Structures are given as C-alpha cells and as structure tokens.
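# Chain and residue survey
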Amino acid sequence: MDFQPSDDQRLLIESVERMLADNYSFAQRKTYIAEPAGHSEAMWSRFAEQGLLGLPFAEEYGGYGGGAQEVMLVMQAFGRALVVEPFLATVVLAGTAIRTAGSAEQKQALLTAIAEGSLKMAFAHGERQARYDLTDVVTVAKKNAGGWVLDGSKTVVQHGEAADKLIVSARTSGERHDSDGITLFIVDANAQGVARRGYATRDETRGADISLSNVQVSEADVLGTVGGGLATVQAVVDAGIAATSGEMVGAMEAMNAMTLEYSKTRVQFGAPIGTYQVVQHRMSDMFMTQEQGRSMAMLATMMIDEEDPARRAYNMAMAKVGVGQAGRYVAQSAVQMHGGIGMTEEYAVGHYFRRAMVIERLFGDPAYYLQRLAETVV
Amino acid sequence: MDLRFTPEEVAFREEVRAFIRDNLPADIRDWMKLGHAPRKEDIVRWQRILNAKGWAGLSWPKEWGGTGWTAIQKMIFLEENQVAPAPELSSFNITMIGPVLIQFGTEAQKKRFLPRAANIDDWWCQGFSEPGAGSDLASLKTAAKREGDFYIVNGQKIWTSTAHMADWCFVLVRTDPNARKRQEGISFILVDMKTPGITVRPIISIDGSHHLNEVFFDDVKVPVENLVHQENKGWDVAKFLLGNERTGIARLGKSRERVNASIDMARQVNANGRPLIADPAFRQRVAQLNVDMKALEITQYRVVSAYDQAGGSGKPDPLSSVLKVKGTELLQATTELAIDVAGPMATPIWAQELEALNEPDDLLEASSASVGSYLFLRAASIYGGTNEIQKNILTKAVLGL
C-alpha cells in the first residue's frame with residue numbers, strides 16, 4: 001500500500017491548482033455561471049489545452065492516459081474551486097460509457113473530440129419514477145428499418161442542455177425493472193424529436209429534463225450490446241461515485257480551510273472564536289470527518305479497477321455512504337461555525353454546502369446505499 | 001499511489017491467520033468468543049506461544065528478538081489477532097517498556113528485561129497517572145530523592161492497570177522539585193513491585209472487574225541502576241512511550257470481533273416473532289458500523305504506510321489522534337450493539353446460574369458478558385489521552401490554533 005501521489009501525479013495536481021488559482025476565484029466563477037451555457041467556454045478550452053478533457057482516455061485518442069487516481073485528484077481540485085464546467089458529465093460519465101462499451105470507431109470519433117474540447121456530452125439515464133434504481137427504465141427503443149426509434153423521458157440530466165450528444169438508455173426488451181434489455185444509444189442532442197428543458201440546480205450547475213419522441217437513431221449509434229447496457233450504466237455510476245467522492249473531499253477541504261480562517265478573524269467576547277475550545281473541538285471533528293471521507297474516496301477510487309462485481313458493488317456502496325455522510329457533517333458544521341454570514345448568498349461557504357448536498361444524492365444517497373448494505377449483512 | 005495490499009502483504013495475512021487458527025488454544029478462543037476478557041493465564045499462555053514463534057516483539061528490532069515487521073504487517077497481525085479472538089499482546093510489555101528500553105535503556109537493562117518482557121516472565125504495569133495528574137500528566141507529584149545508590153520514592157499512583165498482577169512497574173517520578181518547567185525534573189524509573197513500602201489497593205470498575213489499582217509508595221528504595229535515560233529527562237521517555245502507544249490504538253479487529261459476536265447472537269434471539277438478524281433496523285445498524293470500520297481501516301493504513309515510508313522514524317502523525325478518537329468511538333458503538341442484541345438478558349449477572357448449568361448456555365453467557373465489555377470500554381475514550389485531549393492535540397497540530 002502506498003497512499004502518496006507519484007511525482008507525475010504531483011505535477012498534475014500542481015498544474016491544475018495553478019490554473020484554478022489564476023482563473024477560478026469565487027468572483028470569476030460567478031461570471032462563468034452567468035454565461036449563457038451556465039459555465040465558461042473559455043475555461044473549457046483551457047481544460048482541453050491542459051489535457052484534462054482527455055485525462056482518463058488512452059493516448060491514441062488524444063488522452064492523457066490517466067486512471068481513476070488521476071480523476072480523483074483532479075476532481076478534488078475541482079471540488080476546492082467549485083468548478084461548474086461539465087467535466088463530470090462529459091469526461092467521466094459519458095467518457096466511461098464510451099470507453100467501456102464503445103466500438104473502435106466510436107472511441108476514435110467521440111473520445112478524440114471530447115479530449116480536444118469540441119464535444120460535450122451528457123449521460124441521460126435517470127427517469128422520474130426511478131429514484132436511484134438503475135434498472136427502472138421505461139424509455140423504449142423499437143427496432144425499425146432505419147435502426148431504432150426512441151420514446152420516453154429522462155430527468156435531471158446533468159449538463160443535458162449544454163451537451164452536443166447524449167448517451168440515452170432505453171429498454172429494448174423486458175419489463176420495467178429487468179436487468180436485461182437495457183440498451184445505450186448515442187443521440188444527437190439536436191436530433192428531431194429531442195426536446196430539452198434546462199434548469200438551474202441548487203449547486204449552480206445546470207440540469208435538464210429531456211423528452212424523446214420518435215427519435216430515429218441508426219444501428220451505428222448503439223453503444224455496446226443490445227440489451228446488455230446495464231453493466232455499462234453500472235460502470236458509469238461507479239466512475240461517477242469515485243469522481244464525486246474526490247470532489248466532495250475537495251469541497252470539505254475548502255470548507256474546513258474557510259472555517260479555520262474565519263475562526264481566527266471573527267472576534268466575539270473580546271477574542272477570536274477559534275480560541276474557544278467548543279469551536280476548536282467542532283473544527284477537530286470536521287477535520288476527522290474530512291479524513292474519514294478522504295479514506296472512503298480512496299476506497300471508491302481503488303474499486304474502479306476491482307474485477308469482482310460483488311466486491312466492487314459492496315465497497316462502492318460503503319464509500320458512497322461514508323463520503324455522503326462526511327460531506328453533510330462538514331457542510332452543516334461549516335455553516336454553523338460561520339454563523340449568520342454562512343447563511344448568505346454572497347459568502348462562498350453556502351455554495352459549497354449546496355454542492356455537497358447535490359453530490360450526496362448523485363447516483364444514490366447514503367440512505368439508499370445503507371439499505372443495500374443492510375441486505376448483505378449475514 | 002497503490003491502494004491495494006501487495007501480494008506479500010496478502011500472503012502475510014494468510015500466514016498470520018493460519019498460525020492463529022492452528023495454535024490459539026481452543027479454550028481461550030471459546031472463552032473470548034463469548035465476550036469475556038482474557039484471564040491473566042490466557043494472556044501469558046498465548047503470548048508465550050507467539051514469543052516461541054518470534055512474534056511477540058511486535059515493534060522491536062530483530063536483534064532484540066523482535067519481528068522486524070513493517071508497520072503495515074504489524075497492523076495486519078493486530079487485526080487478525082483481535083478478530084480471532086485471541087488475547088492481545090501485553091501492551092505494557094510490548095508497546096511500552098520494550099520500545100522504551102530499546103530506545104533509552106542501557107545494555108544491561110536491555111539484556112536483563114527485554115527477553116523476560118517478551119515472554120511475560122515479568123508482568124509490567126505503568127505508573128504514570130496520579131490523583132492530581134490525569135490528562136495533565138506533567139503535574140505529577142510522586143517524588144524520588146537520591147540517597148547514595150538508591151532513589152527513595154514517596155507518593156501515589158492511580159488507575160494503575162493490572163498492578164495487582166505485576167512484577168514490575170515503570171514509574172514517572174519527580175526528581176527535581178525546583179525545575180524551571182514542570183516537564184523538566186521528571187525521571188523514568190523501573191520499580192520491582194516486591195520492594196517493601198509498596199501497597200496496591202484495588203479499584204473495582206463499573207463492570208465489577210478488578211483491573212485498576214491505586215499504588216502507594218512509602219519510602220520505596222529503588223536502585224539508581226533502574227533509572228532509564230537521564231535523571232530529569234523522563235518526560236522525553238514518557239512522550240516517546242505515549243507516541244508509541246497510539247499507533248495500535250484504533251483496535252479495529254476488536255470492533256470487528258464485537259460486531260461478529262453481535263451477529264451471532266442476533267441469529268439466536270427473536271424480535272417481533274422473527275430472528276433479530278432479519279430485522280431491517282438491526283441490519284442497517286450493522287451496515288453503518290461496517291461503513292465506519294471501513295473508513296477507519298483505510299485511515300489506519302494511511303497512517304502506517306506513511307510511517308513505513310518515513311523509514312519508521314517519522315514525526316507522530318496527527319492522524320493518529322483521529323485513529324484514537326474514531327477507533328474508540330467505534331469500539332464503544334460495537335459494544336453498545338452487543339448489549340442491545342442481548343436486550344433484557346443483558347441485565348442480570350448470571351455467574352452462579354451459569355456455573356450451575358449442566359449444559360453450557362452460550363447465548364445466556366454471551367448476553368451477560370456483553371455488558372462487561374460495554375461497561376469496561378467506557379474507559380476507551382478516557383485512557384491513552386481522553387478523546388477531548390486528542391481534539392486539543394488536533395487543534396494544535398492540524399488547525400495550528
């Protein structure tokens with residue numbers, strides 16, 4: 001075991017941190033959110049220049065050749081800076097789907113375009129009735145002469161509005177909760193029959209509801225095997241859990257640093273509040289919780305390459321619970337320690353709080369996974 | 001970063017597990033499985049088996065009969081040993097006085113005491129705390145006055161675990177009452193418990209057990225050759241010892257063992273007309289403990305692998321305070337789980353009833369014993385620097401306040 005980043009990983013973190021320090025202050029971030037896309041096109045190009053948009057892709061696709069560890073480290077830095085660009089949606093989620101299930105041609109075309117910054121994608125799997133159940137898919141795809149016709153609707157698709165292409169799951173056989181019969185399709189976001197309604201989410205990124213009516217796709221747009229899409233969905237979700245666990249650690253680090261700083265400057269009853277033991281112990285608790293969360297983010301990262309599916313699912317669930325609970329505790333404490341100012345929109349801590357709240361329920365919340373874990377107790 | 005165990009570490013775990021399975025006396029294992037604390041003879045018997053194998057000197061260098069293991073290997077051993085469940089190595093002998101003598105002892109002290117400590121030919125105890133010096137150790141008052149070739153020791157120690165069984169005690173004494181700072185003027189001496197003038201008085205714990213004692217020193221003569229390190233430099237020794245004490249303090253294997261025992265019990269007791277193990281609330285509680293244990297396990301490996309990478313000589317990692325706090329909270333939570341499974345059967349003290357039974361009743365015995373560790377381990381968040389003190393340490397070391 002070795003928990004220290006390698007020299008290459010250290011260089012990567014440093015370069016990302018430098019870039020964010022120069023370009024991603026809280027004030028700058030506000031201007032990015034105000035752009036029409038809800039994020040900065042200039043930053044997206046900069047990510048591409050720095051090789052981040054191909055971070056987990058092989059070099060033959062213009063990628064950096066990194067793995068889950070590199071994604072975790074970059075997501076941690078993104079978490080500290082509250083990055084709003086669709087890195088998770090495009091590179092991690094769609095990227096994982098394509099890497100896992102894509103044909104040679106699909107990988108060549110899509111991964112290369114993502115890496116160079118010319119293609120944004122979104123992963124459109126969740127449906128309104130499904131909550132966190134990955135098999136609950138009622139969007140259907142029916143075979144016809146031209147390939148497949150898609151009908152249905154998807155909800156809270158992260159960055160669905162900004163995407164050029166979508167990865168859409170649909171049922172090609174079986175019943176609503178069946179594991180088999182789910183197929184993934186690559187759908188042009190502007191294809192006839194695709195309607196997107198974008199909205200702000202609580203963390204100041206963008207989500208979209210997407211309806212598909214009579215959307216024609218070709219046979220070449222099938223991603224992976226027909227009916228065997230669930231394994232890919234699971235791989236995408238696992239990658240998402242690992243990446244957002246890293247992001248949560250970054251957010252916790254930022255909240256703890258802000259709280260510590262605030263405790264040194266905020267004077268009450270004639271002394272900085274950081275001199276009071278009750279505040280010190282709360283901040284010690286926040287630190288301990290952050291470190292336990294970091295351990296769990298490492299677990300999730302480690303499990304990306306785990307081949308035994310049961311072991312992988314079990315540990316991913318544990319990581320999701322641990323990281324989610326840790327993030328919630330640190331976020332609530334950070335606002336509490338700040339007092340009134342922590343409640344204000346102008347101050348950053350509340351923005352971290354909201355992102356932590358969103359991360360907690362991406363791909364399933366702690367209560368959901370705790371229930372899954374409870375089923376395995378023997 | 002490589003977050004997996006190496007093949008060597010995996011093989012090592014197998015080796016440890018197999019050795020414990022094949023060599024741990026069944027009567028000790030069965031006794032502990034029921035939730036009882038090991039008896040003195042159990043601890044001695046098992047440590048001698050381990051010592052014969054060369055596994056007693058856990059953190060000692062090979063030249064003194066130690067294992068020479070990496071910190072990760074040590075952690076693996078501790079986990080496997082606790083989860084077996086087997087008696088833990090005497091911490092006084094193995095993680096306290098052993099490393100202290102190896103670091104600070106004279107050649108003669110090492111030769112005289114180390115082999116006997118490894119084999120528990122001497123049972124050691126720790127004379128640190130005093131009525132007026134608990135978490136604030138430096139305010140200790142027990143005095144040692146040099147007279148010729150002896151120190152004359154007068155004073156009182158308290159919370160001295162297993163002093164009533166001990167052959168020797170390492171004691172912090174004040175040798176210079178006029179020192180500029182309280183920490184200067186303290187010395188670390190080794191005291192034979194058979195020396196005239198020592199009185200040991202039991203303190204009965206809330207679980208009814210006799211583990212703790214008061215130790216009174218009344219003109220106790222200690223040869224100056226039993227001074228460790230230099231006179232008035234005992235605080236350095238104490239700090240070294242307390243730093244060592246913290247590395248294994250998460251006791252994760254013990255927590256796992258308690259959860260396993262609770263699950264065993266939950267299979268046998270009924271709640272609402274079905275086995276408790278089928279109750280979703282119970283299962284969720286176990287699941288939450290599993291999550292917390294996993295997080296602590298990884299945090300622990302982060303600490304020990306950093307220690308190995310620093311060549312085993314790194315500064316005390318502030319994360320070890322996280323291990324102490326989270327580890328003891330978890331340990332306490334697992335004992336709570338056990339008494340909640342025991343339910344109403346946790347309340348009676350069954351000692352005589354159990355003895356009168358012709359056939360052993362494991363469930364009854366485990367239910368009754370579960371309360372013992374629940375009560376006894378309330379001390380876990382108090383000893384080794386209370387959890388509040390750990391947060392003070394974190395405040396300084398991590399927050400810089």
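Residues numbered from 1 in each chain as written. Chains lettered and ligands numbered in written order. Predicted model: local features only at pLDDT ≥ 70, side-chain atom pairs only at ≥ 80, totals over all residues. Heavy atoms only, no water.

## Notes on the interface of chain B and chain A
Of the residues lining the interface, 41 residues belong to chain B; the matching set on chain A comes to 45 residues. Together chain B and chain A conceal approximately 3,900 Å² of surface at their shared face, both sides included; 65% is due to carbon and sulfur atoms. When residues of chain B are sorted by the area they lose upon contact with chain A, B:Met1, B:Leu3 and B:Arg302 head the list and together hold 22% of the total. The interface formed by chain B and chain A contains two salt bridges. (Contact = heavy atoms within 4.5 Å. Buried area = accessible area lost by both parts, 1.4 Å probe. Salt bridge = Lys/Arg side-chain N within 4 Å of Asp/Glu carboxyl O.)

## Topic: the nonpolar core
Among the nonpolar cores identified, the biggest contains 167 residues, and A:Phe78, A:Phe87, A:Met255, B:Phe170, B:Phe188 and B:Leu190 are the most heavily contacted of them. Sequence-distant contacts of B:Phe170, that is, excluding residues within four places in its chain, are made with B:Phe92, B:Met96, B:Ile97, B:Trp124, B:Cys125, B:Gln126, B:Gly127, B:Phe128, B:Phe188, B:Ile189, B:Leu190 and B:Leu241. (Core = buried A, V, L, I, M, F, W, Y, C linked by side-chain atoms within 4.5 Å. Buried < 20%, exposed > 50% of the residue type's maximum accessible area, 1.4 Å probe, protein only.)

## Overview of the domain arrangement of chain A
All names here are of chain A. For chain A, the assigned domains are domain 1 (7-120), domain 2 (122-227) and domain 3 (231-375). Taken over C-alpha atoms, the centre of domain 2 sits 30 Å from the centre of domain 3. Listed by partner, the interface residues are 11 residues for domain 2 and 17 residues for domain 3. Surface buried jointly by domain 2 and domain 3 totals about 1,200 Å² across both partners, of which 66% is contributed by carbon and sulfur atoms. Summed over the three residues of domain 2 that lose the most area to domain 3, namely Tyr132, Leu134 and Asp203, the buried surface amounts to 46% of that side. Taken together, the links from domain 2 to domain 3 amount to two salt bridges. Its salt-bridge partner being Arg355, residue Asp203 comes within 2.5 Å of it at the nearest N-O pair. Between the two partners, domain 2 and domain 3, sit six residue pairs in polar contact (both at pLDDT 80 or more). By residue class, the composition of the side of domain 2 that touches domain 3 is four nonpolar, two polar and five charged. (Domains from an automatic or database assignment. Polar contact = N/O pair within 3.5 Å; in protein donor to acceptor, adjacent residues only side chain to side chain. Nonpolar A, V, L, I, M, F, W, Y, C, P; charged D, E, K, R; others polar.)

## Considerations on the packing of helix H7 (residues 230-265) of chain A against helix H9 (residues 309-338) of chain A
Residues and elements named next belong to chain A. Their axes nearest at 9 Å, the elements H7 and H9 cross at an angle of 25°. Judged by the angle between their axes, H7 and H9 are roughly parallel. Both H7 and H9 take part in a crossing whose hand is left-handed. Residues Ala235, Asp238, Ile241, Ser245, Met248, Met252, Met255, Asn256, Met258, Thr259 and Tyr262 of H7 lie in contact with H9, whose contacting residues are Arg312, Met316, Lys320, Val323, Gly324, Ala326, Gly327, Val330, Ala331, Ala334, Met337 and His338. (Axes fitted to C-alpha atoms, helices over the stretch in contact; angles between N-to-C directions. Helix = DSSP H or I, 4+ residues; strand = E, 2+ residues; numbered from the N terminus. Parallel < 35°, antiparallel > 145°, perpendicular 65-115°, else oblique. Left-handed = near helix turned anticlockwise from the far one by under 90°.)

## A word on helix H13 (residues 387-397) of chain B
An α-helical segment advances 3.6 residues per turn. Residues three or four places apart therefore align on the same side. Residues and elements named next belong to chain B. Restricting attention to buried positions, one finds in H13 the residues Asn387, Gln390, Lys391, Leu394 and Thr395. The buried residues of H13 occupy an angular sector of 150° when projected down its axis, which confines them to one face. Residues Lys396 and Ala397 are exposed on H13 and point more than 90 degrees away from its buried face. (Arc of directions from axis to C-beta.)

## Quick look at the pattern of salt bridges
If you walk through the whole model with that rule in mind, you get 46 salt bridges over all chains. Between A:Arg312 and A:Asp238 there is a salt bridge, with its nearest N and O atoms 2.7 Å apart. Highlighted residues: A:Arg312 in helix H9 and A:Asp238 in helix H7, separated in sequence by 74 residues. With relative accessibility at 15%, the residue A:Arg312 sits in the buried group. Its relative accessible area of 4% is what places A:Asp238 among the buried residues. Across the pair B:Arg4 and B:Asp2 runs a salt bridge whose closest N-O atoms are separated by 3.0 Å.

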